[in-house]
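Fold and geometry: a report
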Amino acid sequence: MLHDQYVTVHNSQAFDCDESLLPDLERFRQAVLEAVAKGGRIAALSARPVNDGDSRIVAVVAFDAEGVLQVFSSPVAGEYPAIAADCPQAHWFERDLWEQRGIVPLGHPWLKPIRFSHACSRGEAADDPSPATCGVTDFFSMSGEEVHEVAVGPVHAGIIEPGHFRFQCQGESVYHLEISLGYQHRGIERAMLGGPAVRTIHYVETASGDTSIGHAMAYCRGVESLSGTHVSPRAQVIRGIALELERVANHVGDLGALAGDVGYLPTMSYCGRIRGDVLNMTAVLCGNRFGRGLVRPGGVAFDLDDEAVRQLTRRLKSAAKDTRVAVDLLWESPSVMARFDRTGALSPELCNEIGLVGPAARACGVPRDVRRDFPFGIFRFAQIPVSTWDSGDVFGRAYVRWLEIQRSLAFIQEQLDALPPGQILSPVGALAPNRFSVALTEGWRGEICHVLSTGPDGKFDWYKIFDPSFHNWFGLAMALRNQQISDFPLCNKSFNLSYCGHDL
Amino acid sequence: MLKAIKARLQQGYRTTSYPDGPPPELPRHFAGLPVIDSSKCLPACRQCIPACPTQALDIDTRTRQVSLDTGRCLFCRECQRVCPAGAIQFSRDFRLASSSRERLVVTDSSPLPAVELDGAIVRLLGRSLKLRQVSAGGCNACEADTNVLGTVGWDLGRFGIQFVASPRHADGLLITGPVTENTRLALEKTYQAVPSPKIVIAVGACAISGGPYLDHPEAHNGAASLVPVDVYVPGCPPHPLTILHALLATIGRLPRGL
């Protein structure tokens, strides 16, 4: 008689692939449901291919308060009873699992592709015999008097990534929004297999281009855990500075874009420009405004000299002042606040039920932040207080960003003032074979989760990337319920999710 | 209201004077147009070739001439790092765009890339260029650094260049991304909806060659496999200055010699 087994690990702590194995699917399902009932949150759920075309279903449940991850797995073949039927958080994961591995979660409430990844004209070996055209699928629909449907995308009005939005409305009011993605699907997870290779770092840096640092850090921490690499304090600090610069740049840009969506042009103009200034600070680190080329396994590829520190200090100061002046205008303008207040509100209960992450969760009063809950790198030594608000609406999501901008700017300055000496790049050895690791970082949108494992040859035999957008797109759909359809752009911008990070 | 005016004064005037004045300062580690000196290459050395993530480099077996295709290059500088002889250097020249795919390939003696469009189309679009942007796969960084040209720091509108919502209002497309199979139909329909004559500008390594997704079955190795491309803008992503330079060159608004 086998007994229940699972693994409890910390952020990016490697373990043997077989340690987490449960005897059967029913035990697996019960274990995951129990973990969630005890306050766990599904950070990853997917199926890992093992020998001879078999699969193992794997779940990573994050306990934010305890700072530990529980990893469960079980052999799976063909089908299994859906977890989503009892646990809404699992809904999107199980669609991904079904689409990628062809394993059917029986009783799943809405089983359909999330990426349409078999729709490749030049593709080989599509699992699905009937490849579906991206976005051509069943949608929830309503009928009745004054009921109408609005379809938006994939090509949008601005310079925006492609996605399809289907609204079921009565008059101006949205009953339901269904979001259909996959247009940006370019096969990153598939191409990661067999790595690390010369292109691997570029895949993670472009998984979501505005989060190059966040994803590169998650990848590097995964690789470092599997190779037992020690990263120097100086490199940890430079990574931390880059991660927070990425956060500030995007948050400032979002506040400007939110101002633009309610027609308040002063803040839109100022923040649009300041965002560029912050991106230019990242370019001071490595030459690239998105931080490409900076974070590498073993540390960072560029050092900071005194001149760069002086330059960054000077620029930080003026960016902090300009941002304060620009953003304060928002909170003092009744025309802005009237649009932000109580628009697209989510409750903390719903936030937990569907497993939101990042500023969207913190704006619901849920203090969830990988930097504090699962501290990594420099955040084990220097804490940034978690910023929350309790309204769950557009205002909350905007205000949390503003709080985070201020705290991140202060953090960056502190780190620049006390840069530890030492080297910046440690040599990275071969990856240990048959090992498994889960690496979490807090990107500016929220939790980035990379799940990786190696085969007997020490190469990736499985690589899963969960961008925060993977968790939060459904939150946007829920936020639109009973809202005016004209508030969609505003709600959408208040989440500002990644299409490419979802589609991969 | 008074506070808004005060804030306006505090923020000041921030639009770059380029191209009439000097371009904004580029960061110290900026990687621009590569410069190649094949005469420095060590005999039989090919270390740069496997270091390149996108097969952008080639060494002619007969002439020993190194060539670097900036249309594929991610500007990661791994080739420069592994080269024991310093034969490949990345300069600070941000002017990377070309109307010829072949001229994106840099060798010891290659001419500088240049945008040379037909005079008739420049006369037609030179004073008002409306573009529809199509994001066709990729990572959203090229989109972000195209979008930034609309901010007050760059103020693209002062050149008569504008991004419009409808392809029917557009004079052409600005395409980013490798063109995933999932965006192919949307791109083709959008292209057809733009009235002729029209131009197509491909921005970023993905849109030119597939970029890091080169030869992925899920994507099409760039826009040119589906629509005719007039201007190529290399980079991963290109710096906003590189994109602005390309757009100004497209409409013939660059002062002589820039």
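Just so it is clear, the model here is predicted, and its values are computed rather than measured.

1. A few points about the overall build of chain A
Of the regular secondary structure elements, chain A holds 16 helices and 15 strands. For chain A, the spread of C-alpha atoms along the principal axes amounts to about 70 × 65 × 45 Å. Among the 504 residues that make up chain A, the fraction classed as buried is 64%. Of all intrachain contacts in chain A linking residues separated by at least 6 positions in sequence, the fraction that spans at least 24 positions is 67%. With the model as given, the accessible surface of chain A reaches about 17,100 Å², and the carbon-plus-sulfur share is 53%.

2. Quick look at the overall build of chain B
When helices and strands are tallied, chain B shows eight helices and ten strands. Its C-alpha radius of gyration of 19 Å places chain B within 12% of the 18 Å reference for a compact globule of 258 residues. Principal axes of the C-alpha set define a box for chain B whose edges measure 70 × 45 × 35 Å. For chain B, with 258 residues in total, the buried portion stands at 60%. For chain B, the proportion of contacts with a sequence separation of at least 24, taken over those separated by at least 6, is 75%. When the accessible surface of chain B is split by element, carbon and sulfur atoms take 53% of a total near 10,700 Å².

3. Details of unusual backbone geometry
Residue Pro196 of chain A is bonded to the preceding Gly195 of chain A through a cis peptide linkage, with omega at 0°. For Pro196 of chain A, the position within the fold is in the loop between α3 (188–192) and α4 (200–205). Cis geometry is adopted by the peptide bond preceding Pro237 of chain B, which originates at Cys236 of chain B and carries an omega value of -15°. In this model, Asn482 of chain A sits at a positive phi of 65°, which is unusual for a non-glycine residue. Assignment of secondary structure puts Asn482 of chain A in the loop between α14 (468–479) and α15 (488–495).

4. Brief notes about the domain arrangement of chain A
Residue and element names in this part refer to chain A. Structurally, chain A comprises domain 1 (7–106) and domain 2 (196–461). When each unit is reduced to the centre of its C-alpha atoms, the spacing between domain 1 and domain 2 is 27 Å. If you look at the interface, domain 1 gives 23 residues, while domain 2 gives 26 residues. Buried area between domain 1 and domain 2, summed over both chains or domains, comes out near 2,000 Å², and the portion from carbon and sulfur atoms is 55%. Contact with domain 2 buries surface across domain 1, with Asn11, Ser12 and Arg41 losing the most and accounting together for 28% of the total. Here domain 1 is connected to domain 2 by four salt bridges. The closest approach of N and O atoms between Arg41 and Glu447, which form a salt bridge, is 2.6 Å.

5. Observations concerning the packing of helix α5 (residues 212–227) of chain A against helix α6 (residues 233–261) of chain A
Residues and elements named next belong to chain A. In contact at an axis separation of 8 Å, α5 and α6 are set at 145° when each is read in the N-to-C sense. Contacts between α5 and α6 pair Ser212, Ile213, Gly214, Met217, Cys220, Arg221 and Glu224 from the former with Arg239, Ala242, Leu243 and Glu246 from the latter. When the residues that make up the contact of α5 with α6 are grouped by side-chain class, the tally is five nonpolar, two polar and four charged.

6. Looking at the side chain of Asn492 of chain A
Residues and elements named next belong to chain A. Here Asn492 is to be found in helix α15. Taking the relative accessible area as the measure of exposure, Asn492 reaches 16% and is therefore buried. What Asn492 contacts, discounting residues up to four positions off in sequence, is Trp473, Leu476 and Tyr499.

7. Describing the environment of Leu258 of chain B
All names here are of chain B. One can find Leu258 in the segment after α8 (240–250). Under the relative-accessibility criterion, Leu258 is labelled partly exposed at 41%. Once the C-alpha coordinates of Leu258 and Pro217 are considered, the two residues, 41 residues apart in sequence, prove to be 40 Å apart. Beyond its immediate stretch of four places on either side in the chain, Leu258 contacts Pro19, Arg95 and His245.

8. Remarks on the pattern of salt bridges
Residue and element names in this part refer to chain A. Going through the model one piece at a time under the given rule, you end up with 39 salt bridges over all chains. The shortest N-O distance in the salt bridge between Arg401 and Asp254 comes to 3.1 Å. Here the residue Arg401 occupies a position in helix α13 (residues 394–417), and Asp254 occupies one in helix α6, the gap between them amounting to 147 residues. Using a relative accessible area of 2% as the deciding quantity, one classes Arg401 as buried. Exposure remark for Asp254: the relative accessible area of 3% places this residue in the buried category. Ionic pairing is found between Arg310 and Glu307, a salt bridge with its closest N-O pair at 3.4 Å. Of this pair, Arg310 and Glu307 both sit in helix α8 (residues 306–331), three residues apart, roughly one helical turn. Here Arg310 falls in the exposed class, since its relative accessible area comes to 53%. Given the relative accessible area of 39%, Glu307 is considered partly exposed.

Conventions and cut-offs
- Residues numbered from 1 in each chain as written.
- Chains lettered and ligands numbered in written order.
- Predicted model: local features only at pLDDT ≥ 70, side-chain atom pairs only at ≥ 80, totals over all residues.
- Heavy atoms only, no water.
- Helix = DSSP H or I, 4+ residues; strand = E, 2+ residues; numbered from the N terminus.
- Buried < 20%, exposed > 50% of the residue type's maximum accessible area, 1.4 Å probe, protein only.
- Contact = heavy atoms within 4.5 Å.
- Areas by Shrake-Rupley, 256 points an atom, 1.4 Å probe, with all protein chains shown as cover.
- Rg over C-alpha atoms; globule rule 2.2 N^0.38 Å.
- Domains from an automatic or database assignment.
- Buried area = accessible area lost by both parts, 1.4 Å probe.
- Salt bridge = Lys/Arg side-chain N within 4 Å of Asp/Glu carboxyl O.
- Axes fitted to C-alpha atoms, helices over the stretch in contact; angles between N-to-C directions.
- Nonpolar A, V, L, I, M, F, W, Y, C, P; charged D, E, K, R; others polar.

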